Amino acid sequence: MKYLRTFLLALQVEFSSRINIFGWFLCSLIPSLLLILVWFAILGERESISGFTKGDFAVYYLFITMGWYIVGGTFGISTGRKIKNGMINTTLLKPYNVVLGQCLEEQAWKAISFFLALPIMVFIVFLLRDNISIHLSFGHILLLIVSLILGGINFALIQGLVGISAFWITEVWPVDHLRVILLSLFGGLLVPLALMPSAVRALSDFLPFKYMFYVPVSILLSKNSNPYLDAGIQLLYIGILFGIYTLVWSRGIKKYEAIGI
Amino acid sequence: METPVIRVKNLKKYFRVAQKGEGFGAAVASLFRREYREVKAVDGIDFDIHAGEMVAFLGPNGAGKTTTLKMLSGILQPTSGEASVLGFNPQERNPEFQRQISLVMGQRNQLWWNLPATDTFLLNKDIYKVPLDQYRLILDELVELLDLQDVLSSPVRKLSLGQRMKCELVASLLHRPKVVFLDEPTIGLDLAMQKKIRAFLKEYNKKYNATIILTSHYMDDVKEVCDRVILINHGRKIYDDQIKKLISEYAHEKYLQVDFENEVSKEALEGIGKVVEFGGLQAVIAVPRAEHAKKAAELLTRFEIDNIDIQEVELEDIILKSFADHV
Ligand SMILES: Nc1ncnc2c1ncn2[C@@H]1O[C@H](COP(=O)(O)OP(=O)(O)OP(=O)(O)O)[C@@H](O)[C@H]1O
Ligand SMILES: [Mg+2]
């Protein structure tokens, strides 16, 4: 229960520090709203582009904004920094997974942000209600939840890899930046993959990035031809990434210099 | 004899450090051509330590003390050589091993900065799987011993250095480790607090037959807490034995500190022994240990004396001397 405890402590820290989560949420909302407006303008009088209606675009970007608090995160950077300056020394001593601990700590602000953002989101959906139409069966909802969790694990593994790259390099942010670019391009974060050039789409099938946000959002919009297969591939990628992660960690820890005092 | 708790054989740690000259030009140059230097932080150390021993690791700055402790606690991989602690290879970081050790670093914090120390204690309780009733017992005992009642509910960031250090000790000892590595545990603490922590460590050692290895630059830590010293310099061991023995080996002398009624000459005193300090009305004279009583009597008969003190050579002096002898 040590990781649950970590999460609870991190929650307490969030509550006590009262940082402006709300402000952050509004900032992250603006790009999404802009993209929605852009696509509304492009669509003009047309019904849809590549099967995406106005409502689909709205749901897509709003979902990615909210989904960020479930799937996303930034603990790769903080993990990297802690490795670099030897701050993991005291945790490395203990029967405790340093990177998993960092990940669990991060879930605190994600959870708080999610619930703070929820009312605003409901309000926006209410404004756009005439455009939005979602039909989901119970089974679909269940699959969506599973897919979000699997996506989150995939994303966390990538972040973990970004973090432990600090065993070799001085700064992890360029690596993290690369991750953002790859995710925007091949993970559908910027533009739905269905609207991307076919080369990008083809490549994205062989990369893990679309199995983080894109698969769950497609399930929500009922756009996967075979959602169960997609979820299965998500699971497969968890296996692959976990294997890579374990290997990289065991190599990295041998190089770890345990800087400090 | 029982098998040692800690066994170290020819342990080495070499670091590769990029070299850079002074200033901006050198920084640019280093972008293109980087030169590396090998730092032999630990260069072939051997020792055995048995259960319940209290050992001091002494050596000048950069001697390799911290590096050795890091390797023994499993956070740093040796370049070569062997280390075994409680029958485990530390670098495997086996949870069973980790539950039985602790490393306290005077300047590294495990406490959650924005929360009261008790929250970190609870987390450690979970990490080390300490049963709740046992946790309460140990916590009460430690809090009492270290006089911590009043600080437990304030956020750690609001505590003083000494209060933090004490909380750090509690957090590190909640799981009752059998082997405790302490890296300068009394650094920056006031004298009363240093004394308390020393007393506490001795008590902990006695009560649980814990093995304690401590580094410090304060000789009082060493004198009061430890039975045995290991001196290291430039990554190598230069001395390893009981402190008593070290003192008797090096302390062939005692110091006579004398205050005279009238001014005396240095030459006159040199007949008695080696004059270490001289100030006309005061002097410190080193005399052979076996003859110190005779020499003191001789002083009393030959000079008008106000006061005379017979002193042991300080451990500091002995350590410095033994380092000098082994260069
Ligand atoms: N990560 C590292 N990279 C390169 N060199 C290092 C590293 N860590 C330690 N060293 C070097 O290894 C040597 C031993 O350092 P160590 O910290 O073990 O000394 P110490 O005996 O603990 O000294 P002090 O009394 O100052 O704490 C020093 O010369 C130090 O510069
Ligand atoms: Mg040190």
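Residues numbered from 1 in each chain as written. Chains lettered and ligands numbered in written order. Predicted model: local features only at pLDDT ≥ 70, side-chain atom pairs only at ≥ 80, totals over all residues. Heavy atoms only, no water.

Q: How do you make sense of the interface of chain A and chain B when you look at a structure like this?
A: Many analyses report the size of an interface as the accessible area lost when the parts associate. The interface is formed by 28 residues belonging to chain A together with 30 residues belonging to chain B. Surface buried jointly by chain A and chain B totals about 2800 Å² across both partners, of which 61% is contributed by carbon and sulfur atoms. Between chain A and chain B we count 1 salt bridge in total. The shortest N-O distance in the salt bridge between Arg 5 of chain A and Asp 126 of chain B comes to 2.8 Å. Summed over the shared surface of chain A and chain B, the number is 7 residue pairs in polar contact (both at pLDDT 80 or more). Elements with a minimum of two residues in the side of chain A that touches chain B: helix H1 (2–17), helix H5 (89–92) and helix H11 (227–255) of chain A. If you tally residues by element for the side of chain A that touches chain B, the top one is H1 of chain A, at 8 residues. Looking at the side of chain A that touches chain B residue by residue, the classes come out as 14 nonpolar, 8 polar and 6 charged. (Contact = heavy atoms within 4.5 Å. Buried area = accessible area lost by both parts, 1.4 Å probe. Salt bridge = Lys/Arg side-chain N within 4 Å of Asp/Glu carboxyl O. Polar contact = N/O pair within 3.5 Å; in protein donor to acceptor, adjacent residues only side chain to side chain. Helix = DSSP H or I, 4+ residues; strand = E, 2+ residues; numbered from the N terminus. Nonpolar A, V, L, I, M, F, W, Y, C, P; charged D, E, K, R; others polar.)

Q: Looking at this model, I keep getting lost on the packing of aromatic side chains. Mind explaining?
A: Each aromatic ring pair is described using two quantities: the centre-to-centre distance and the angle formed by the ring planes. Residue and element names in this part refer to chain A. Considering all chains together, one arrives at 20 aromatic pairs over all chains under this definition. For the pair Phe 167 and Trp 249, a centre-to-centre distance of 5.6 Å together with 65° between the ring planes defines the contact as edge-to-face. Here Phe 167 is found in the loop between helix H7 (138–164) and helix H8 (173–186), whereas its partner Trp 249 is found in helix H11, with 82 residues between them in sequence. Note on accessibility: Phe 167 and Trp 249 belong to one class, buried. Among the aromatic residues, those joined into a ring-pair cluster are Trp 39, Phe 52, Phe 57, Tyr 60, Tyr 61 and Tyr 214. Looking at Arg 129, its charged tip hangs above the ring of Phe 126, at a distance of 4.3 Å from the centre. (Phe/Tyr/Trp six-rings, centres within 6.5 Å; stacked < 30°, edge-to-face > 60°. Buried < 20%, exposed > 50% of the residue type's maximum accessible area, 1.4 Å probe, protein only. Lys NZ or Arg CZ within 6 Å of the ring centre and 35° of its normal.)

Q: Mind showing me how you'd approach the confidence of the model for chain B here?
A: Interpretation of the predicted coordinates at a detailed level should be avoided for regions scoring low in pLDDT. Across chain B, the average pLDDT comes to 89, with 99% of residues at or above 70. Model confidence for the complex is summarised by a pTM of 0.87, with the ipTM given as 0.88. (pLDDT = per-residue confidence, 0-100.)

Q: Would you explain a nonpolar patch on the surface in this entry?
A: Residues and elements named next belong to chain A. There is a patch of nonpolar side chains on the surface, built from Ile 141, Ile 145, Ile 149 and Ile 153 and spanning about 320 Å² of accessible area. Relative to the helices and strands, Ile 149 resides in helix H7. Taking relative accessible area as the criterion, Ile 149 reaches 48% and is therefore assigned partly exposed. (Patch = residues over 30% accessible without salt bridge, like charges linked within 9 Å, V, L, I, M, F, W, Y side chains within 5 Å. Areas by Shrake-Rupley, 256 points an atom, 1.4 Å probe, with all protein chains shown as cover.)

Q: Got a minute to help me understand the domain arrangement of chain B in this structure?
A: Residue and element names in this part refer to chain B. Taken domain by domain, chain B comprises domain 1 (6–247) and domain 2 (252–324). Counting residues at the interface gives 13 residues for domain 1 and 7 residues for domain 2. In this assembly, domain 1 packs against domain 2 so that about 870 Å² is buried in total across both faces, 81% of it on carbon and sulfur atoms. When the buried surface of domain 1 facing domain 2 is broken down by residue, Met 219, Leu 246 and Ile 247 rank first, second and third, together holding 51% of it. Our count for the contact surface shared by domain 1 and domain 2 stands at 0 salt bridges. (Domains from an automatic or database assignment.)

Q: What is the right way to read unusual backbone geometry from this model?
A: Leave glycine aside and you will find that most residues have negative phi; peptide bonds, for their part, are mostly trans. Residues and elements named next belong to chain B. Backbone geometry places Asn 10, a non-glycine residue, at a positive phi of 50°. Checked against the element boundaries, Asn 10 lands in strand S1 (residues 6–19). Backbone geometry places His 234, a non-glycine residue, at a positive phi of 50°. Residue classification places His 234 among the exposed residues on the basis of a relative accessible area of 62%.

Q: Mind showing me how you'd approach empty space enclosed by the protein here?
A: Take a probe with the size of a water molecule and roll it over the atoms, and the empty space left behind shows itself. Tallied over the entire structure, the rule returns 2 cavities of 30 Å³ or more. Put simply, the largest cavity is a space of about 50 Å³. Looking at the largest cavity, the residues that line it are Thr 90, Leu 93 and Lys 94 of chain A together with Ser 102, Leu 103, Gln 110, Asn 124, Tyr 128, Ala 171, Ser 172 and His 175 of chain B. Within this model, the second largest cavity holds a volume of roughly 30 Å³. Along the walls of the second largest cavity sit Phe 52, Tyr 60, Tyr 214, Val 217, Ser 218, Leu 221 and Lys 223 of chain A, which together make up its complete lining. It is helix H10 (residues 214–220) of chain A that provides the largest number of residues to the lining of the second largest cavity, a total of 3 residues. When the residues that make up the lining of the second largest cavity are grouped by side-chain class, the tally is 5 nonpolar, 1 polar and 1 charged. (1 Å grid on protein atoms, 1.4 Å probe; cavity = no way out; pocket = protein on both sides within 12 Å on 5 of 7 lines; lining within 4 Å. Points joined across faces, edges and corners; volume = space filled by probe spheres on them.)

Q: Before we go on, may I ask you to explain the packing of helix H4 (residues 117–127) of chain B against helix H5 (residues 132–146) of chain B in this structure?
A: How two helices sit against one another is set out by the angle between their axes and by the gap between those axes. Residue and element names in this part refer to chain B. With their axes 11 Å apart at the nearest point, H4 and H5 run at an angle of 140° to one another. In terms of orientation, H4 lies oblique with respect to H5. At the point where H4 passes H5, the crossing takes the right-handed sense. For the pair formed by H4 and H5, the contact residues are Thr 118, Phe 121, Leu 122 and Lys 125 on the first element and Leu 132, Tyr 135 and Leu 139 on the second. Considered class by class, the residues forming the contact of H4 with H5 number 5 nonpolar, 1 polar and 1 charged. (Axes fitted to C-alpha atoms, helices over the stretch in contact; angles between N-to-C directions. Parallel < 35°, antiparallel > 145°, perpendicular 65-115°, else oblique. Left-handed = near helix turned anticlockwise from the far one by under 90°.)

Q: I would appreciate a short explanation of the site of ligand 1 in the present structure.
A: Around ligand 1, 16 residues are found, and the nearest of them are Gly 62, Lys 65, Thr 66, Thr 67 and His 217 of chain B. Around ligand 1, the nearby residues trace back to chains A and B. Gly 62 of chain B places a main-chain nitrogen or oxygen 2.8 Å from an oxygen atom of ligand 1. Take Ala 63 of chain B: an N or O atom from its main chain is 3.1 Å from an oxygen atom of ligand 1. Contact with the protein chains covers 73% of the free accessible surface of ligand 1, which is 640 Å². Elements with a contribution of two residues or more to the shell around ligand 1: S1, strand S2 (35–49) and helix H2 (65–72) of chain B. Top contributing element to the shell around ligand 1 by residue count: H2 of chain B, with 3 residues. Considered class by class, the residues forming the shell around ligand 1 number 7 nonpolar, 6 polar and 3 charged. (Near = heavy atom within 4 Å.)

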